[in-house]
Amino acid sequence: MPTNRTYGTKLPGMPRDPFPGKLIVLEGADGSGRTTEVDLLREWLEVEGHPVVDTGLRRSSLLSEQIEEAKKGNTLSATTLALLYAADFADQLENKIIPSLSAGSTVLADRYVYTLMARAIVRGASRSWAEKLYGFALVPDLTIFLDAKTDILLHRAIAKYGSLDYWESGMDLCLSRDRFESFYRYQSLLRAEFGVMENRYGFHRVDANRTPTGVHRETRDLVAPLFHPEGRRRR
Amino acid sequence: MAAEAVPALPEGTTPSGSRLAGRLLVFEGLDGSGKSTQARLLVKWLQARGYRVFFTEWNSSELISDTIRRGKKKNLLTPTTFSLLHATDFADRLERHVIPPLRAGYVVICDRYAYTAFVRDAARGCDPDWVRSLYGFAPKPDKVFYFRVPVATSLARKLASRQKISYYEAGMDLGLADDLIECYEKFQSRLKREYERLVPTDGFVVIDADKPVETVLNQVRREVRPLLTGFPKAEALVHADE
């Protein structure tokens, strides 16, 4: 599958030829071990001799400050926030992801448009609107969905931060004034939305209720065929 | 124990999810087409006749004007990010300044609306269907006035006003010409072409902007009058409240 396919609209000025680089996406909630797995994959790929560029949401130079400001104020609607995130994502896509893929690097995306879509949809945006909005996103070569049960996420969040984050608890949705309950309900909504997208976008679900070692073994097996299409595996 | 009932919304306003109580009138056209002048004159006329009027122009909202300005200054924007940032700006402005007065039953007059984005982003090479879908959240206006003007007139008025023509305004990011004014002219021609394309599909009321101000004024008023038949005036709303 060539990597210059998008879900909907093409970006003006997109190269016609397939990119030499691969786009690998890791999705999963906070506490699913996603970032740990990105680090492990990166290390492994580099040892194998593949140049890796990693990218995540909210890292563009154009807008990251703006988004932090907007979140502090917490007065933006679901629509406005979805558009703001889309602008930020487009900036990263055009200025980081596409140039890296064109140069032949493997791009490891720590979250992708699926998270942005899920967040918008659970906040009331229509699915078709969100899909069209993010239609300019490149279709990844592989999307791995690290799926962990909500109660496991809950325990990991408490163990790691000692508290539950306002946004990760979806407090802006007013599901409950109680943060513990809000976290549980919000993360369950997101997980259900990822369940819908899993089939729609062909995610590879990896059971993330395990230790990082088990998760890494499975993701490595998913990633390896991208680089050795004939099934030939180096020892 | 019965929960206390939520107070009902006042009469003449829009409950959530139903048709908007107010009227939405939009003025579109190239720079220098006289649309802003006419929009302001209409505001005065409606106010004098006792209507509750809210006027808004799409230049910039509080939210991301800094980012747009910074991005423009450093020429960091691509057609896609340019389009999305303006859509964000529009959504924020719409939700703060347009929807509430519409639900409250005002006549809302917009100097530029989503159509400005449709033509500008299409002229920059964005997929028109994609751009239109971005603005799917925007309510459809009751009337759109399109001020048709020759590009030469628009350019002459712009130059006569001695306003500085900005890089993006001239479409310099598209590299249509090296010279700013020449590029501006070419970009405006593209915008005009896109506007003309929307005339039949979006049911624009075409205003010949080369006509004298009074003639145009009368045409606009003639179009607006039927929309306001039976529409409550400010006083009536106050009385209904008592």
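The model shown is predicted, which means the values in this text are computed figures rather than measured ones.

**Q** Got a sec to walk through the overall build of chain A? Specific residues and values, please.
**A** A count of helices and strands for chain A gives 8 helices and 5 strands. Mapped from its N terminus to its C terminus, chain A presents α and β elements in the order β-α-β-α-α-β-α-α-β-α-α-β-α.

**Q** Account for the nonpolar core, with residues named and values stated.
**A** Grouped together as the largest cluster of nonpolar side chains are 109 residues, with contacts concentrated most on Tyr112 and Leu138 of chain A together with Leu46, Leu84, Ile109, Tyr113 and Tyr135 of chain B. With near-sequence residues (within four places) excluded, Ile109 of chain B lies in contact with Leu25, Phe27, Ala39, Leu42, Val43, Leu46, Val53, Phe54, Phe55 and Thr56 of chain B. Formed by 25 residues, the second largest nonpolar core is a distinct cluster that contains Ile24, Leu108, Phe183 and Leu226 of chain A.

**Q** Break down the interface of chain B and chain A for me, with residues and values.
**A** Contacts between the two partners involve 28 residues from chain B and, on the opposite side, 23 residues from chain A. Across the chain B/chain A interface, buried area totals approximately 2100 Å², and carbon plus sulfur atoms make up 65% of it. Counting the contacts that link chain B with chain A gives 0 salt bridges. Viewed at the interface, chain A and chain B are joined by 9 residue pairs in polar contact (both at pLDDT 80 or more). Elements with a contribution of two residues or more to the side of chain B that touches chain A: helix 2 (65-73), helix 3 (79-103) and helix 5 (128-134) of chain B. Element by element, the count of residues in the side of chain B that touches chain A is highest for helix 3 of chain B, at 11 residues. Grouping the amino acids of the side of chain B that touches chain A by side-chain chemistry returns 13 nonpolar, 9 polar and 6 charged.

**Q** Let's hear about the sheet that holds strand 1 (residues 23-29) of chain B: which residues, and what values?
**A** To summarise the sheet geometry, strands pair through backbone hydrogen bonds and adopt either a parallel or an antiparallel arrangement. All names here are of chain B. The sheet built from 5 strands is open, its strands ordered 2-3-1-4-5 with parallel pairing. In the strand order of this sheet, the two ends are held by strand 2 (53-57) and strand 5 (205-208), each with one partner. Going across the sheet, the axis of each strand differs from the next one's by a mean of 20°, ignoring polarity. Both strand 1 and strand 3 (residues 107-111) contribute to a ladder of 5 bridges, which runs parallel.

**Q** Lay out the packing of helix 3 (residues 78-102) of chain A against helix 3 of chain B in plain terms, naming residues and giving numbers.
**A** In the contact formed by helix 3 of chain A and helix 3 of chain B, the axes pass within 8 Å of each other and the chain directions differ by 170°. In terms of orientation, helix 3 of chain A and helix 3 of chain B fall into the roughly antiparallel class. Contact with helix 3 of chain A, carried on its side by Thr79, Thr80, Leu83, Leu84, Ala86, Ala87, Ala90, Asp91 and Glu94 of chain A, involves Thr80, Thr81, Leu84, Leu85, Ala87, Thr88, Ala91, Asp92 and Glu95 of chain B of helix 3 of chain B and no other residues of that element. Here the contact of helix 3 of chain A with helix 3 of chain B is built from residues that sort into 9 nonpolar, 5 polar and 4 charged.

**Q** Go over the sheet that holds strand 1 (residues 23-28) of chain A, please, and point to the residues and values.
**A** Residue and element names in this part refer to chain A. The 5 strands are arranged 2-3-1-4-5 in an open sheet whose pairing can be described as parallel. Edge positions in the sheet fall to strand 2 (52-56) and strand 5 (204-207), since each of these pairs with one other strand and no more. For this sheet, the mean angle separating the axes of adjacent strands, direction not counted, is 20°. Across the sheet, helix 3 touches strand 1, strand 2 and strand 3 (106-110), and the angle it forms with strand 2 is around 160°.

**Q** Provide a residue-level description of the pairing of strand 1 of chain B, including the pertinent values.
**A** Every regular strand shows the same layout, with side chains that alternate between the two sheet faces. Residues and elements named next belong to chain B. Counted residue by residue, strand 1 has 7 buried out of 7 residues, so it is predominantly covered. The alternating pattern of strand 1 places Arg23, Leu25, Phe27 and Gly29 and Leu24, Val26 and Glu28 on opposite faces, both of which are buried. Relative to strand 4 (residues 143-148), strand 1 runs parallel, the two being bridged by 5 bridges. Considered in strand 4, the bridge of Glu28 is made with Tyr146.

**Q** Just give me the short version of the environment of Arg111 of chain A, but keep the residues and values in it.
**A** Residue and element names in this part refer to chain A. Relative to the helices and strands, Arg111 is located in the loop between strand 3 and helix 4 (113-122). Spatially, the C-alpha atoms of Arg111 and Ala148 are 15 Å apart, while their sequence positions differ by 37 residues. When neighbours within four sequence positions are excluded, Arg111 is seen to be in contact with Leu26, Glu27, Gly28, Ala29, Asp30, Arg34, Leu57, Arg119 and Glu168. At 3.5 Å, the side chain of Arg111 forms a polar contact with the backbone oxygen of Gly28.

**Q** Summarise the packing of aromatic side chains; cite the residues concerned and give the values.
**A** One pass over the full model with this rule turns up 31 aromatic pairs over all chains. In this structure an aromatic cluster arises from ring pairing among Trp129 of chain A together with Trp58, Phe90, Tyr113, Tyr115, Phe118, Tyr135, Phe137, Tyr146, Tyr195 and Phe204 of chain B. A cation over a ring is seen here: Arg120 of chain B above Trp58 of chain B, with NZ or CZ 5.6 Å from the ring centre. A cation sits over an aromatic face here: Lys233 of chain B above Tyr51 of chain B, 5.1 Å from the ring centre.

Cut-offs and rules
- Residues numbered from 1 in each chain as written.
- Chains lettered and ligands numbered in written order.
- Predicted model: local features only at pLDDT ≥ 70, side-chain atom pairs only at ≥ 80, totals over all residues.
- Heavy atoms only, no water.
- Helix = DSSP H or I, 4+ residues; strand = E, 2+ residues; numbered from the N terminus.
- Core = buried A, V, L, I, M, F, W, Y, C linked by side-chain atoms within 4.5 Å.
- Buried < 20%, exposed > 50% of the residue type's maximum accessible area, 1.4 Å probe, protein only.
- Contact = heavy atoms within 4.5 Å.
- Buried area = accessible area lost by both parts, 1.4 Å probe.
- Salt bridge = Lys/Arg side-chain N within 4 Å of Asp/Glu carboxyl O.
- Polar contact = N/O pair within 3.5 Å; in protein donor to acceptor, adjacent residues only side chain to side chain.
- Nonpolar A, V, L, I, M, F, W, Y, C, P; charged D, E, K, R; others polar.
- Pairing = 2+ DSSP bridges.
- Axes fitted to C-alpha atoms, helices over the stretch in contact; angles between N-to-C directions.
- Parallel < 35°, antiparallel > 145°, perpendicular 65-115°, else oblique.
- Phe/Tyr/Trp six-rings, centres within 6.5 Å; stacked < 30°, edge-to-face > 60°.
- Lys NZ or Arg CZ within 6 Å of the ring centre and 35° of its normal.

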